[in-house]
Amino acid sequence: MSADKILIHFNQIFNPYDLGHPLSGSDMNDAQIIEDGYIAIKDGKILALGSGEPDDKLKDEHTEIIDYSGKIALPGFIDCHTHLIYGGSREHEFAQKLNGVSYLEILEQGGGILSTVRSTREADFDNLYNKSKRLLDYMVRYGVTTVEAKSGYGLDWETEKRQLEVCKKLNEDHTIDLVSTFMAAHAVPPEYKGKSGEFIDMIINDMLPKVKEENLAEFCDIFCEKNVFTAEESEKLLSAAKDLGFKLRIHADEIESIGGVDVAAKLKTTSAEHLMMITDEGIKKMAESQVIGDLLPATTFSLMQDTYAPARKMIEAGVPITLSTDCNPGSCPTINIQFVAQLGCYQMRLTPIEVFNAITINAAYAVDRADQIGNFDVEKQADITIMDCPNVDYSIYFFATNLVSDVYKNGQHVVVDGQIQA
Ligand code: NIG
Ligand code: FE
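Here the structure is a predicted model, which means the values were calculated and not measured.

Scoring rules and cut-offs
- Residues numbered from 1 in each chain as written.
- Chains lettered and ligands numbered in written order.
- Predicted model: local features only at pLDDT ≥ 70, side-chain atom pairs only at ≥ 80, totals over all residues.
- Heavy atoms only, no water.
- Helix = DSSP H or I, 4+ residues; strand = E, 2+ residues; numbered from the N terminus.
- Expected span 1.5 Å × (residues − 1).
- Buried < 20%, exposed > 50% of the residue type's maximum accessible area, 1.4 Å probe, protein only.
- Contact = heavy atoms within 4.5 Å.
- UniProt positions renumbered as here; feature names shortened; annotations may be inferred.
- Polar contact = N/O pair within 3.5 Å; in protein donor to acceptor, adjacent residues only side chain to side chain.
- Pairing = 2+ DSSP bridges.
- Axes fitted to C-alpha atoms, helices over the stretch in contact; angles between N-to-C directions.

Trainee: Could you give an account of helix α7 (residues 231-243), with specific residues and numbers?
Mentor: Between the first and last C-alpha of α7 there are 18 Å, a value that for 13 residues agrees with the 18 Å anticipated at 1.5 Å per step. For α7, the complete set of buried residues consists of A231, E233, S234, L237, L238, A240 and A241. Of the surrounding elements, those touching the buried residues of α7 are β8 (177-185), α6 (196-213), β9 (219-222), β10 (247-252) and α8 (260-267). Two residues or fewer after α7 comes G245, characterised by a positive phi angle close to 100°.

Trainee: So what's going on with the UniProt feature "binding site: Fe(3+)" (unreviewed entry) in the chain? Residues and values would help.
Mentor: The feature "binding site: Fe(3+)" (unreviewed entry), as given by UniProt, occupies H81, H83, H251 and D326 in the numbering adopted here. These annotated residues cover 246 residues of sequence, but their C-alpha atoms sit close together, with the largest distance between any two at 12.1 Å. Residue placement: H81 occurs in the loop between β6 (77-79) and α1 (94-98). Taking relative accessible area as the criterion, H81 reaches 0% and is therefore assigned buried. Setting aside residues no more than four positions away along its own chain, H81 makes contact with E148, K150, H251, E273, H274, D294, L296, S324, T325, D326 and C327. Reaching out from H81, the side chain makes a polar contact with the side chain of E273 at a distance of 2.6 Å. Looking at the element boundaries, D326 is found in the loop between β13 (321-323) and α12 (337-346). Its relative accessible area of 1% is what places D326 among the buried residues.

Trainee: I'd like a rundown of the sheet that holds β6, residues and numbers included.
Mentor: Taken together, eight strands build an open sheet; the order of strands is β6-β7-β8-β9-β10-β11-β12-β13 and the sheet is parallel. The strands lining the two open edges of the sheet, one partner per strand, are β6 and β13. With direction set aside, neighbouring strand axes in the sheet form an average angle of 25°. Pairing between β9 and β10: two bridges, direction parallel. Counterpart to C220 in the pairing with β10 is L248.

Have a look at this one:
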């Protein structure tokens, strides 16, 4: 069968192995690396992959051939944890942060997430849509082709619904595919101050069924943290969500370890996220249950902390790992997944192969899309990120610079020489 397009002469193609489950242990440090590689695309999907001159059978007079000598190709990056849709911004908290006021102290004073809740409640649909679209435009230029996006800056039905509807519309309109997560349990709103249990009951009884009915989210998430939601509350909410058919994720062990990982292991959530403070016992439980550990090193960086999640230890214990930005206006104002991958190596001592597996094939499992994306298996979507560098190691070594030159989404050339195509 002949291809619509063949991208040829890549210095390297990085192709993760899809073993039918997220990679863990030594498998995380293994990938197919093709020198002088080509990728053939047909109907937006991968048709063939190889080295040297593509077989004549792949070409006819309509096949477009594009030369990428000197560059590398990787599967489109998947940012599997973001709080993309929000009103306002929080640079006014930066001085407090510099003065050593902690994240939870700022939240206790009514700032932090609650400050963004106020701005998001005030923002209308168009404001939220345009703001998030702008972030997605940056993301695609940084090589991202799929994004998970959480609600959680409304904490009331009207605003949570608006966030989820913005997510749905962006998924329809934007090049990037979005995976929607309902996270009303992100903070206790002022109306429920001191009554977190009642707030959880309200989410279970009022909001969850409506989110399901209107098909506004695929996953449900909760911030299990000291002074936010307890492990018991997390288990109650996530169990109810599971019964309604939601897939599950949980913010656990981010600032203090209060039992979120036990809930993740018990309910077999798809992932547990952050894990900066995970214990050895917690690591063991995650390995046993094969819950994906989604790590967010740019959050540690942005919170100016020294304690990165123990990624090496987790991999050695057999926990499948992903990395993601956590893009949000407070604890991690960035969209730069390349910088996240670099922090994975520079601060967590992962290898380049481990970090790229983390943000491609494992992230595909973390958003439950591995049948369509995450590597270049034939018939998967032709989501391709092209970097202007000679090899995979260079793309980590030369840090904090956007090296992505071109992006293909479903076989369409959506970023050309750094520019988004209209
Ligand atoms: O993942 N931890 C909770 N939620 C976000 C931060 C949200 C915010 O500060 O606005 C996080 O770090
Ligand atoms: Fe988060």
